[in-house]
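A look at the structure
Residues per chain, in single letters:
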Amino acid sequence: MLRHSGGDMRATAVKLEARRVAIHYRRQRSGLNLIAVDGVDLRVDEGEFLSIVGPSGCGKTTFLNAVDGLIPIASGSLLLDGNEISSPGPDRAMVFQQPSLLPWRTVTRNVVYGLEMQHRAGRESRETAARLIDLVGLQGFADAWPSELSGGMQQRVNLARALATDPEVLLLDEPFAALDAQTRETMQQELLRIWGATRKTAIFITHDITEAVYLADRVIVFTARPGRIKLDVKIELPRPRDLRLKRDARFIDYERMIWETIREEVIRSESRGQAIA
Amino acid sequence: MATQGPFDTVAQPAESEWLVQPPPESRTRERRGLSESTVIGFAAVVIFFILWQGVGFVRTTWPDGVSLGPITFIAPSQLFLPAPLDVFKAFQAYVQDGRIWKDMAVSGQELMTGYLAAVVLGIVLGLLVGWYKRLRYALDPFITFLYATPRIVLLPLFIIWFGIGVESKIAVVFLGAIFAILINTAAGVRNLDANLIKVARSFGASDLQLFRTIALPGSVPFILTGLRLGIGHALTGVIVGELVAAQFGVGQMMAVAGATFQSAKVFAGLFIIAGTGMLMTFTLQKLEQRFEAWRPRPN
């Protein structure tokens, strides 16, 4: 009994914990201090796929940047495995909204870029790159230049680059937002396949509700700025998932619930905006 | 284990196909365009020299001029416009009396020493000025002042400071070339893609790593532009410097030849300088192609 609960504890170990996190954002032009995120409490379990959705400008990307360690938090605490996050580290890797590949490096050399920066590039990193290029479905493009790839293919390299450092937490900042609808669905399917193969803790930012529900174990809705958690819902849909799931009644129920919440939030922030003006 | 989506089989081959086989007609058109431009350019140069030589032919055949009805065409004297063959003869004489080697060695030394110093310092300072904004604020007034001034006007001072030997010319060449290189390099660093910097930071890159992997390669196109502009400034510095005061050098030879009305010899000097400039630009173009293999080819 005791041993059983201990095993249970490990299975649902908290990977990331946010306690009353506030993030301030300094506007470059006006010099005004904006509160981007305020009082976020959140726990993400190890191996969990979490999606964060919210109206645009709600601070979800800002929150993700703070988890990556790119920007500091103003108050509260942000813990990864119980340790305060203060800077980027090899235990996290970000997949950016823009592919942001180094145009003067081939696909392979882009994939190993993170390893190089972390002084972990060695003889075996070429093999790591080859394996990941295969995993993201870019066989035969190891020596191609980024300019020779389509947007979807570039985003695959972006993903492979993040996976190459073998992070414990994968941070994805609207990685498919700039892709056309068909490529986007392909990439969602691919991401699920890759995530299934690696089972890393993942935090996925998106403004696409369908995408959020389709990918995640749990979806969080942020309020309009300052961002807080408005809704936290477990997506109890079976895995592995395929695109037919998007037509399932339960799936549509989740979508509608999240959509209602966001709509409420948008209306609230708009009326508040008018009141101020 | 891999769940293949319905679009996988459609999207992937469609994406890769165009890459494996570039449209065949674009390549042939490019090749034909290249040879066409070479042929026309070469023909134009040949025709130009034939016409120029024709002036010399008219001069020797009809020294009193040719009458075509009411119009009489008198070819300009050799003093005024020597023919290409006269220039070639002057060049031959210049080679035979051995002065050319001394002159070219001196001019070459001035040009190369000044230019290479400008390249090294220009790139290093440019990277630093582009990267550290406080350094930029500090150096900006000086850079603006010197860049706005034709550096040639500093020559009288340099002659006082360094004498009429190679040193004053090296100084003019250096100052002439460095600003184009420095300003372009700094612009390159300032125009870096902020997304790439974020990527590097996210992977925990140190300042030095960021510099080496993002800032330096990212500003290469700008640096090369600066190097190309610098060549022109450097050549001007050598020749004008030697025209003003020197003991040896191609420019000094031209100054003497000009003062003694040896126009053919002046032309010979001009071709040496033009040839040097073209050679340097050509070398730089080769370098550019090597550095920019990753750039998408324009159609």
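Residues numbered from 1 in each chain as written. Chains lettered and ligands numbered in written order. Predicted model: local features only at pLDDT ≥ 70, side-chain atom pairs only at ≥ 80, totals over all residues.

**Structural notes on the overall build of chain A**
In terms of regular secondary structure, chain A is built from nine helices and 10 strands. Expected size for 277 residues packed as a compact globule is a radius of gyration near 19 Å; at 19 Å, chain A falls within 12% of this value. By the burial criterion, 45% of the 277 residues in chain A qualify as buried. For chain A, the proportion of contacts with a sequence separation of at least 24, taken over those separated by at least 6, is 71%. (Helix = DSSP H or I, 4+ residues; strand = E, 2+ residues; numbered from the N terminus. Rg over C-alpha atoms; globule rule 2.2 N^0.38 Å. Buried ≥ 20, exposed ≤ 12 C-beta atoms within 10 Å, placed from the backbone. Contact = placed C-beta atoms within 7 Å.)

**Some thoughts on the overall build of chain B**
Along its length, chain B carries 11 helices and two strands. The secondary structure elements of chain B, listed N-terminal to C-terminal, are α-α-β-β-α-α-α-α-α-α-α-α-α. Going through the 299 residues of chain B one by one, you find that 30% of them count as buried. Residue pairs at least 24 apart in sequence account for 75% of intrachain contacts in chain B once pairs closer than 6 positions are excluded.

**Describing the sheet that holds strand 5 (residues 83-84) of chain A**
Residues and elements named next belong to chain A. Taken in spatial order, the four strands line up as 2-1-4-5 in an open sheet, and their pairing is antiparallel. Either end of the sheet is taken by a strand with one partner, and the two such strands are strand 2 (33-45) and strand 5. Pairing of strand 1 (residues 14-26) with strand 2, which is carried by nine bridges, proceeds in the antiparallel orientation. Directly across from Val-21, in strand 2, lies its bridge partner Val-40. The strands touched by helix 2 (residues 60-68) within the sheet are strand 1, strand 2 and strand 4 (75-80), with strand 1 carrying the most contacts at an inclination of about 120 degrees. (Pairing = 2+ DSSP bridges. Axes fitted to C-alpha atoms, helices over the stretch in contact; angles between N-to-C directions.)

**Overview of the environment of A:Arg20**
All names here are of chain A. Take Arg-20: it is sitting in strand 1. On the neighbour-count criterion, Arg-20 (12 C-beta atoms within 10 Å) is exposed. Non-local contacts of Arg-20, meaning those with residues more than four positions away in its chain, are made with Gly-39, Asp-41, Ser-75 and Gly-76.

**Comments concerning the sheet that holds strand 10 (residues 229-234) of chain A**
Residues and elements named next belong to chain A. As summarised here, the arrangement of the six strands in space is 6-7-8-3-9-10, forming an open sheet in which the pairing is mixed. Each edge of the open sheet carries a strand with a single partner, namely strand 6 (92-95) and strand 10. Averaged over all pairs of adjacent strands, the angle between strand axes in this sheet comes to 15 degrees, irrespective of strand direction. Strands in contact with helix 6 (residues 151-164) are strand 6 and strand 7 (169-173); relative to strand 6, the strand with the most contacts, it is inclined by about 175 degrees.

**Let's talk about unusual backbone geometry**
Residue and element names in this part refer to chain A. Cis geometry marks the peptide bond from Arg-239 to Pro-240; its omega dihedral reads -5 degrees. Within the secondary structure, Pro-240 is located in the loop between strand 10 and helix 9 (249-276). The backbone of Ser-100 shows a phi angle near 45 degrees, a positive value even though the residue is not glycine. By secondary structure assignment, the location of Ser-100 is in the loop between strand 6 and helix 3 (107-111). Judged by the 24 C-beta atoms lying within 10 Å of it, Ser-100 falls in the buried class. Despite not being glycine, Arg-199 shows a phi value in the positive range, around 55 degrees. Relative to the helices and strands, Arg-199 resides in the loop between helix 7 (181-198) and strand 8 (201-205).

**Considerations on the domain arrangement of chain A**
Residues and elements named next belong to chain A. Segmenting chain A into domains produces domain 1 (2-91 + 167-276) and domain 2 (98-166). Inter-centroid distance (C-alpha atoms) of domain 1 to domain 2 is 25 Å. Every contact between the two is made by 14 residues of domain 1 and, on the other side, 14 residues of domain 2. Among the elements that make up the side of domain 1 that touches domain 2, the one with the highest residue count is helix 7 (seven residues). Looking at the side of domain 1 that touches domain 2 residue by residue, the classes come out as 10 nonpolar, three polar and one charged. (Domains from an automatic or database assignment. Nonpolar A, V, L, I, M, F, W, Y, C, P; charged D, E, K, R; others polar.)

**Quick word on the pairing of strand 7 of chain A**
All names here are of chain A. Within strand 7, five of the five residues are buried, which leaves it mostly tucked inside the rest of the structure. Residues Val-169, Leu-171 and Asp-173 of strand 7 are buried on one face, and the alternating residues Leu-170 and Leu-172, pointing to the opposite face, are buried as well. Across four bridges, the pairing between strand 6 and strand 7 is parallel. Its bridge partner being in strand 7, Met-94 is matched across the sheet by Leu-171. Pairing between strand 7 and strand 8: five bridges, direction parallel. In the sheet register, Leu-171 faces strand 8, and the bridge partner there is Ile-203. As a crossover connection, the stretch from strand 7 through helix 7 into strand 8 is right-handed. (Right-handed = clockwise from strand over helix to strand, strands pointing away.)

**Some points on the interface of chain B and chain A**
In this assembly, 27 residues from chain B lie in contact with 37 residues from chain A. For the side of chain B that touches chain A, the elements supplying multiple residues, two or more each, are helix 1 (8-20), helix 8 (194-202) and helix 9 (207-244) of chain B. With seven residues, helix 8 of chain B is the largest single contributor of residues to the side of chain B that touches chain A. Looking at the side of chain B that touches chain A residue by residue, the classes come out as 14 nonpolar, eight polar and five charged.

**Quick notes on the packing of helix 6 of chain A against helix 7 of chain A**
Residues and elements named next belong to chain A. Where helix 6 contacts helix 7, the axes come no closer than 11 Å and their chain directions differ by 20 degrees. By the angle between their axes, helix 6 is roughly parallel relative to helix 7. Handedness of the crossing formed by helix 6 with helix 7: right-handed. Across the interface between the two elements, Gly-151, Gly-152, Gln-155 and Leu-163 of helix 6 pack against Thr-183, Thr-186, Met-187 and Thr-198 of helix 7. (Parallel < 35°, antiparallel > 145°, perpendicular 65-115°, else oblique. Left-handed = near helix turned anticlockwise from the far one by under 90°.)

**Looking at the nonpolar core**
Ranked by internal contacts, the top residues of the largest apolar core, which has 120 residues, are A:Leu171 and A:Ile203. Here this core gets 16 residues from one element, more than from any other, and that element is helix 7 (residues 166-190) of chain B. Aside from chain neighbours lying at most four places away, what touches A:Ile203 is A:Val44, A:Leu50, A:Ile52, A:Leu64, A:Val67, A:Val169, A:Leu171 and A:Leu172. In this structure, B:Val87, B:Met253, B:Met254 and B:Val266 belong to the second largest nonpolar core, which totals 11 residues. (Core = buried A, V, L, I, M, F, W, Y, C linked by C-beta atoms within 7 Å.)

**With respect to helix 5 (residues 125-135) of chain A**
Residue and element names in this part refer to chain A. Looking only at helix 5, the buried set comprises Thr-128, Ala-129, Leu-132 and Ile-133. The arc that holds every buried residue of helix 5, seen down its axis, measures 130 degrees, which confines them to one face. Buried-residue contacts for helix 5 involve helix 3 and helix 6. Residue Gly-137 follows helix 5 closely and has a positive phi angle near 80 degrees. (Arc of directions from axis to C-beta.)

**Details of helix 5 (residues 133-148) of chain B**
Residue and element names in this part refer to chain B. If you check helix 5, its first and last C-alpha atoms are 21 Å apart, about what 16 residues at 1.5 Å a residue would give, namely 22 Å. Along helix 5, the largest kink reaches about 45 degrees and is centred on Leu-139; proline Pro-141 follows within four residues of it. Of all 16 residues making up helix 5, only zero are buried, and the element is barely covered by its neighbours. (Expected span 1.5 Å × (residues − 1). Bend = angle between axes of the 7 residues up to and from the residue.)

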